[in-house]
Amino acid sequence: MRKNVVAGNWKMNKTLQEGVALATELKEALAGVEVKCGVVVAPPLTHVASVVEAVKGSVIGVSAQNCAEKEKGAYTGEVSAEMIQSTGAGFVILGHSERREYYGETSEIIKNKIQLVLANGLTPIVCFGEVLAQREAEKHFDVVKSQVQEAMFDFSAADFGKMILAYEPVWAIGTGKTASADQAQEIHAFVRGIVAEKYGKQVADDCTILYGGSCNPANAKELFSNPDVDGGLIGGASLKAADFMAIIQAF
Ligand code: PEP
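Residues numbered from 1 in each chain as written. Predicted model: local features only at pLDDT ≥ 70, side-chain atom pairs only at ≥ 80, totals over all residues. Heavy atoms only, no water.

S.K.: Explain the site of the ligand residue by residue, including any values.
M.R.: Taken together, 14 residues lie around the ligand, and K11, H96, E168, G174 and S214 are the ones closest in. Taking K11, its side chain carries an N or O atom lying 2.5 Å from an oxygen atom of the ligand. Surface burial for the ligand is 95%, taken as the share of its 290 Å² of free accessible area covered by protein chains. Of the residues contributing to the shell around the ligand, the split by class is four nonpolar, eight polar and two charged. (Near = heavy atom within 4 Å. Polar contact = N/O pair within 3.5 Å; in protein donor to acceptor, adjacent residues only side chain to side chain. Areas by Shrake-Rupley, 256 points an atom, 1.4 Å probe, with all protein chains shown as cover. Nonpolar A, V, L, I, M, F, W, Y, C, P; charged D, E, K, R; others polar.)

S.K.: So what's going on with the packing of aromatic side chains? Residues and values would help.
M.R.: Applying the stated criterion to the full structure yields seven aromatic pairs. Residues F153 and F160 carry aromatic rings whose centres are separated by 5.9 Å and whose planes lie at 70° to one another, so their mutual orientation is edge-to-face. Taken as a pair, F153 and F160 share a single burial class, namely buried. Put simply, the rings of F128, Y167 and Y211 touch in pairs and so form one group of aromatic residues. Here the guanidinium or amino end of R99 rests over the ring plane of Y103, the centre of that ring lying 4.2 Å away. (Phe/Tyr/Trp six-rings, centres within 6.5 Å; stacked < 30°, edge-to-face > 60°. Buried < 20%, exposed > 50% of the residue type's maximum accessible area, 1.4 Å probe, protein only. Lys NZ or Arg CZ within 6 Å of the ring centre and 35° of its normal.)

S.K.: Break down the sheet that holds strand β7 (residues 209–212) for me, citing the residues and quoting the values.
M.R.: Sheet strands line up and pair through hydrogen bonds in the backbone, either parallel or antiparallel. Taken together, eight strands build a closed barrel; the order of strands is β1-β2-β3-β4-β5-β6-β7-β8 and the barrel is parallel. Neighbour to neighbour, the strand axes of the sheet diverge by 25° on average, direction disregarded. Sheet topology note: the strand β3 (residues 60–64)/strand β4 (residues 91–94) ladder contains two bridges and is parallel. For S63, the partnering residue across the bridge sits in β4 and is F91. (Pairing = 2+ DSSP bridges. Helix = DSSP H or I, 4+ residues; strand = E, 2+ residues; numbered from the N terminus. Axes fitted to C-alpha atoms, helices over the stretch in contact; angles between N-to-C directions.)

S.K.: Lay out the layout of surface pockets with the relevant residues and their values.
M.R.: Computed from the structure, the largest pocket encloses a volume of approximately 690 Å³. When contributions to the lining of the largest pocket are tallied by element, the ones reaching two or more residues are α4 (97–103) and α5 (107–119). Counted by class, the lining of the largest pocket contains eleven nonpolar, six polar and eight charged residues. By volume, the second largest pocket amounts to about 260 Å³. If you trace the second largest pocket, you find 19 residues lining it, with K3, V5, M163, I164 and T208 closest to the centre. At the level of secondary structure, the elements contributing two or more residues to the lining of the second largest pocket comprise β2 (38–42), β3 and α10 (201–206). The greatest single-element share of the lining of the second largest pocket, amounting to three residues, is contributed by β2. In terms of residue class, the lining of the second largest pocket is made up of twelve nonpolar, four polar and three charged. (1 Å grid on protein atoms, 1.4 Å probe; cavity = no way out; pocket = protein on both sides within 12 Å on 5 of 7 lines; lining within 4 Å. Points joined across faces, edges and corners; volume = space filled by probe spheres on them.)

S.K.: If you had to explain unusual backbone geometry to someone new, which residues and values would you point to?
M.R.: We note that K11 has phi near 50°; this positive angle belongs to a residue other than glycine. Checked against the element boundaries, K11 lands in the loop between β1 (5–9) and α1 (16–30). Phi at E138 takes a positive value of approximately 55°, unusual for a residue other than glycine. For E138, the location among the structural elements is in the loop between α6 (132–136) and α7 (140–152). Given the relative accessible area of 65%, E138 is considered exposed.

Structure below.
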């Protein structure tokens, strides 16, 4: 069954102590509150194990923001999916536009990472989305289709069903410009359509597709009210417990 999810991508923000404090504040804010969606936080890798510890006993799941493309070995500075799994985290964000743009991540690399994440029993949150020039040239459907196909369609239906998808128009990330509810719905429905063509209607119906890009307490309700928007991947607004709570409570 399809699940609504609100996931916070902290990016490269917060010291270890600040991150644990934010996670603890969130845990306390969520205690005793009726939560109608899955809640995930993605702290920097150095904080993941401590945040797992801090949120124990709560509904909060913990995600890494990336993992290595290799299984193990002489790859200085890299952190494997297995290592992430060993911290108690349950998710890994993959293919974020910042990884694609600044670190040269291709669909092939993202696909390899998805494979490793799944092999270690973790849930990949796989991002895709067009840049402004592509939207202005009305190429956004083509771009999104190839990104989804190239990174996510070489898997069995069972494995695809374990992924969370996140549509993140790059022009809306960290810019304060949000896709309108209609723009988000249009692409989400399109993505669900191509998933249905590839894996069938049931897999498509069950697939969680998040929206990301300047989602905040003021626009979350309208975005999430779309039939094909199953929650959000939240950057800036996940750094304050009150804002993130308000987005969670938009469901
Ligand atoms: C993100 O980076 O995934 C994101 C959606 O950022 P923001 O909410 O800050 O636009």
